[in-house]
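Report on the structure
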Amino acid sequence: MPFDRTAKSKNGKAPLGLKIAAAGGLVFLHLPIALIFVYAFTTEEKSYQWPPPGLTVKWFAVTWARPDVWEALTLSLQVAAISTLVAMVLGSFCAAAVARSRFFGREVVSLLVILPIALPGIITGIALRSAFNLADIPYSMWTIILGHATFCVVVVYNNAVARFRRTSASLIEASMDLGANSFQTLRHVILPNIGTALLAGGMLAFALSFDEVIVTTFTSGQQATLPIWMLEELVRPRQRPVTNVVAMVVVLVTFLPILGAYYLTRDGDKVVGHGK
């Protein structure tokens, strides 16, 4: 009888305790984010009162009219877009070399590629700042892009190399045997197989770059991306709800690429030629 009850538990619904634990974990993770959304509508502009004394939408108009918000948002979008593009090119090339080639030190190369995302951001930031100072490179949008590309490449590389390893090499060999040149093989065989993984990696890289703070602090000079602008507003508060409105935008901008990446990669095991 005990065996039967165990079998029913495995094949039936989740235990109540597990449901409560899962719900508690979700609340713990997302309640602070929900509070940000609530405080974006509060009528109190200097403190965080709970419950809010009143609700208003005026802060959206105030945020829209602030040029410093637009400047920071524009810079963040430019940095994230270019960093993602650089990461997609370099990450896919590295993934192709590691997954499809055999050479001395291949595992060392793979380790060095993924190392930046394992290091604390402050270490990466200090290293980049030291390198820029040594090379006498002035701080600008491009130094921020170089800093962000160091960890964005890792995200794209991880997605692409996993897909390359699930794609049968016989497809590429068959394409070459049938007379296709390298460009035709890339266009008609390789990209259709790794395209979703590459796009998902790019989306995740964009989300990481858009809300990155620590590396940006060391590589931005006098420029302020949107997360840096938010930190400065919290240090010397001026119209706190504006900061929460901007935080809502950051949440939405980073959530949508992550959601898109999830839907693109959830069927990643269904690769043409897989297992052949």
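Quick caveat, the model's predicted, so the values are computed rather than measured. Along every chain, residues carry numbers that run from 1 in the direction the sequence is written. Thresholds applied to this predicted model are a pLDDT of at least 70 for local features of residues and 80 or more for the giving and counting of side-chain atom pairs; totals over whole chains, interfaces and linings are not thresholded and use all residues. Just so you know, side-chain values use all the structure's heavy atoms and leave hydrogens and water out.

Regarding the overall build of the protein
Our working rule: Secondary structure elements follow DSSP: runs of H or I no shorter than four residues count as helices, runs of E no shorter than two count as strands, and numbering proceeds from the N terminus. Remark: exposure states derive from per-residue accessible area (1.4 Å probe, protein chains only) relative to the maximum for the residue type, with buried under 20%, exposed over 50%, and partly exposed in between. Only the protein chains shown count as cover for residues, and all accessible areas are computed by the Shrake-Rupley method using a 1.4 Å probe.
From N to C terminus, the protein includes twelve helices and zero strands. In the protein, the succession of α and β elements from N to C terminus is α-α-α-α-α-α-α-α-α-α-α-α. Here the protein, with 276 residues, has 35% of them falling under the buried criterion. Accessible surface computed for the protein: about 16300 Å², of which carbon and sulfur atoms make up 69%.

Some words on the nonpolar core
As a rule of thumb, nonpolar side chains are buried together in soluble globular proteins. Definition in use: For this analysis, a nonpolar core means a set of buried residues of the types Ala, Val, Leu, Ile, Met, Phe, Trp, Tyr and Cys, connected via side-chain atoms within 4.5 Å. Contacts between residues were defined by any pair of non-hydrogen atoms, one from each residue, lying within 4.5 Å.
Ranked by internal contacts, the top residues of the largest apolar core, which has 19 residues, are A87, A95, C152, V156, Y157, V161 and F164. For this core, the elements supplying multiple residues, two or more each, are α4 (67-100), α6 (121-134), α7 (141-166) and α9 (182-210). Ranked by the residues each element gives to this core, the list is headed by α7, at eight residues. Beyond its immediate stretch of four places on either side in the chain, V161 contacts A95, V98 and A99. If you look at the next biggest cluster of nonpolar residues, it comprises 16 residues, including A80, M230, V242 and V246.

Quick look at the packing of aromatic side chains
Defined as follows: Centres within 6.5 Å are what make two rings of Phe, Tyr or Trp a pair, Trp counting through its six-membered ring; a difference in plane orientation under 30 degrees is then read as stacked, over 60 as edge-to-face, and the rest as tilted.
Overall, the coordinates contain three aromatic pairs when judged by the stated rule. Seen in terms of ring centroids, W64 and W70 are 4.9 Å apart; in terms of plane orientation they differ by 90 degrees. Their pairing is edge-to-face. Each ring, one from F206 and one from F210, has its centre 6.2 Å from the other, and the planes form 15 degrees; the classification is stacked. Of this pair, F206 and F210 are both found in helix α9, four residues apart, which corresponds to roughly one turn of the helix.

Side note on helix α5 (residues 106-118)
Under the convention used in this document: Helix span, as expected, comes to 1.5 Å for every residue beyond the first.
With 13 residues, α5 extends 19 Å from end C-alpha to end C-alpha; this agrees with the ideal 18 Å at 1.5 Å per step. In the core, the buried residues of α5 are packed alongside α4 and α7.

Overview of the environment of L35
Its place among the elements puts L35 in helix α2 (residues 16-39). Measuring from C-alpha to C-alpha, the distance between L35 and W50 comes to 9.7 Å, with 15 residues separating the pair along the chain.

Things to note about the confidence of the model for the protein
Condition: Known as pLDDT, the predictor's confidence for each residue is given on a scale from 0 to 100.
Residues with a pLDDT of 70 or more make up 78% of the protein, whose mean pLDDT is 77. Element-level mean pLDDT values for the protein span from 50 in helix α1 (residues 2-11) up to 87 in helix α10 (residues 214-219). Overall, residues 271-276 carries pLDDT values under 50, and its contacts beyond four positions in sequence, including any with other chains, amount to twelve contacts.

Some remarks on the environment of V242
With respect to the helices and strands, the residue V242 is situated in helix α12 (residues 240-265). Measuring from C-alpha to C-alpha, the distance between V242 and A61 comes to 9.5 Å, with 181 residues separating the pair along the chain. Beyond its immediate sequence surroundings of up to four residues, V242 is in contact with W59, V62, T63, R66 and W229.

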